[in-house]
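Here are the chains, one letter per residue:
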Protein chains: 2
Amino acid sequence: MVETRPYHHGDLRSALLTAALEVLEEGGVAALSLRGTAARAGVSHAAPKHHFGNRKGLVTAIATIGYSRFAATMAEECARSAQNPLGQVRAINRGYVKFALQNKAIFRLMFSRDHYDQDNLELAQAACRAFTLLEETSRSVARALGVVEADAWRDIANLIWTTVHGYAHLLIDGRLVNRETGEPEPIPDIGRLLFEGFSGTGRKAG
Amino acid sequence: MVETRPYHHGDLRSALLTAALEVLEEGGVAALSLRGTAARAGVSHAAPKHHFGNRKGLVTAIATIGYSRFAATMAEECARSAQNPLGQVRAINRGYVKFALQNKAIFRLMFSRDHYDQDNLELAQAACRAFTLLEETSRSVARALGVVEADAWRDIANLIWTTVHGYAHLLIDGRLVNRETGEPEPIPDIGRLLFEGFSGTGRKAG
DNA sequence: GACAAATTTTTACGCCGTAAAGATTGCCAT
DNA sequence: ATGGCAATCTTTACGGCGTAAAAATTTGTC
């Protein structure tokens, strides 16, 4: 008897997604093709069309998965860290960078407009969950700093987001490496900067 | 008599580059193809091969142009601004964001590893010129702040670069827009934060 | 069992990157 | 001036990709 798989796969959509995630991490966004993922999943090259419509649909689904995992990574760090504003800011930073480092291709994809459909509902919800974590931490920081302006937390959120995102983005592009040591530069401690100002640098005196 | 252009173009390389820049700004990195730029320049589809080798070579040349203009934009802002550390930090920030906003596609391209050859000599030189501006400003900030550690300027440079890059990247991806007003959020004033701490937010009290 | 809907395959077209060979021109030594 | 070499551009060719339409197969429903 020949082991012949049925005409209908049963769960082709998720099979295509896991195949696509593999392709993505191996070859980057450029390698993420409908035909390639179909081939890896062992189906015909036009099979993905029914589930994702076109390439952008596939990429959108991948980005949605990315945002979910992104939020989960940051939430984990927050849960296991000190439950005070400084601890939470640092946790957000760690989670943000950790996800970017461990999922370079998908992280780049998530922050490349035009690659996917930003108006997609599921995607927008997943992204919102991720950024809500950052917003709430910023609100607690604002309270702890005692600033009185009603939406000062926005400035704090922008500062934190901007810094950690710039760091993550530059880091995974191989920019922030010390030319002498070859080590990556540490992430600016925006939490301490907010709470203590730029008093010490943390470096050993030369 | 028929107006027939010569077999040898004379300056095809630069003609291809200007065509490629047009294609890039119109359709983003994805639209930047060898055949497309060749068609726009009015030559055969294989003509670019001799000048750039392959697609990556073309993208590398484009990125090199980008870094040159990037450095020029920041240098202009520095020249026309207050010649003190705070003024120069703000000038770098303005130039960085201005270039990103006015050259979204090429900015994204410049900061997408894998799209081009980062080991290319001319490109590395152009990029170095750009980032040297940022480094020197950071050194002057370190002196002005009176920090004693020998390489504390690195932390300052990382903070400035990280912040402005994150801001520019998020901004051109349409992230930093206030949901109520629709206006883009202002860039965090990292200069003031360094020199004055997070005392005021700059927002009106609510 | 008949019929409609969902799912997958087959076929087809045009664009793209790349390689190799051919055509045309510029250059340089003689 | 001229023969030949190197540079530059075109033609031809191949496979991969996205997309669309039609055909094939299975599932569900009455």
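Only a predicted model underlies this, so the values are computations on that prediction, with no experimental measurement involved.

Novice: An account of helix H5 (residues 85-102) of chain B is needed here, citing residue identities and associated values.
Specialist: All names here are of chain B. Between its first and last C-alpha atoms H5 spans 26 Å; for 18 residues at 1.5 Å apiece the expected length is 26 Å, and the two agree. Every buried residue belonging to H5 is among Gly87, Gln88, Val89, Ala91, Ile92, Asn93, Gly95, Tyr96, Val97, Phe99 and Ala100, and all of these are buried. Of the surrounding secondary structure, the elements contacted by the buried residues of H5 are helix H4 (55-79), helix H6 (104-110), helix H7 (121-145), helix H8 (152-172) and helix H9 (190-196).

Novice: Before we move on, could you go through the interface of chain A and chain B and cite the residues and values that matter?
Specialist: It is common to report an interface's size as the accessible area lost on association of the parts. The interface is formed by 50 residues belonging to chain A together with 50 residues belonging to chain B. Roughly 4,400 Å² of surface becomes buried between chain A and chain B when both sides are summed, with 56% attributable to carbon and sulfur atoms. Counting every contact that joins chain A to chain B gives four salt bridges. A salt bridge links Arg179 of chain B to Glu135 of chain A; the nearest nitrogen and oxygen atoms lie 3.6 Å apart. Going through the elements one at a time, helix H6 (104-110), helix H7 (121-145), helix H8 (152-172) and helix H9 (190-196) of chain A are the ones with two or more residues in the side of chain A that touches chain B. No other element matches H8 of chain A, which puts 15 residues into the side of chain A that touches chain B.

Novice: Describe the relation of the copies chain A and chain B, and please don't skip the residues or the numbers.
Specialist: Mapping chain A onto chain B leaves a residual RMSD of 0.0 Å; the transformation is a rotation of 180° accompanied by 0.0 Å of translation along its axis. Here the two chains are linked by the operation of a two-fold rotation axis. Considering only C-alpha atoms, the residue of chain A closest to the rotation axis is Gly166 of chain A, which sits at 1.8 Å. The fraction of interface residues of chain A whose copies in chain B are also interface residues reaches 100%, indicating that both copies meet through the same surface.

Novice: Describe the domain arrangement of chain A, with residues and values.
Specialist: All names here are of chain A. The domain boundaries assigned to chain A delineate domain 1 (9-53) and domain 2 (62-196). Domain 1 and domain 2 are separated by 29 Å when their C-alpha centres are compared. Domain 1 puts eight residues into the contact, and the matching count from domain 2 is nine residues. Summed over both sides, the interface of domain 1 with domain 2 buries roughly 690 Å², with 79% coming from carbon and sulfur. Of all residues in domain 1, Leu21, Glu25 and Val29 bury the most surface against domain 2, accounting for 59% of the area lost on that side. In this structure, the connection of domain 1 to domain 2 is made through zero salt bridges.

Scoring rules and cut-offs
Residues numbered from 1 in each chain as written. Chains lettered and ligands numbered in written order. Predicted model: local features only at pLDDT ≥ 70, side-chain atom pairs only at ≥ 80, totals over all residues. Heavy atoms only, no water. Helix = DSSP H or I, 4+ residues; strand = E, 2+ residues; numbered from the N terminus. Expected span 1.5 Å × (residues − 1). Buried < 20%, exposed > 50% of the residue type's maximum accessible area, 1.4 Å probe, protein only. Contact = heavy atoms within 4.5 Å. Buried area = accessible area lost by both parts, 1.4 Å probe. Salt bridge = Lys/Arg side-chain N within 4 Å of Asp/Glu carboxyl O. Least-squares fit on C-alpha atoms with pLDDT ≥ 70 in both. Domains from an automatic or database assignment.

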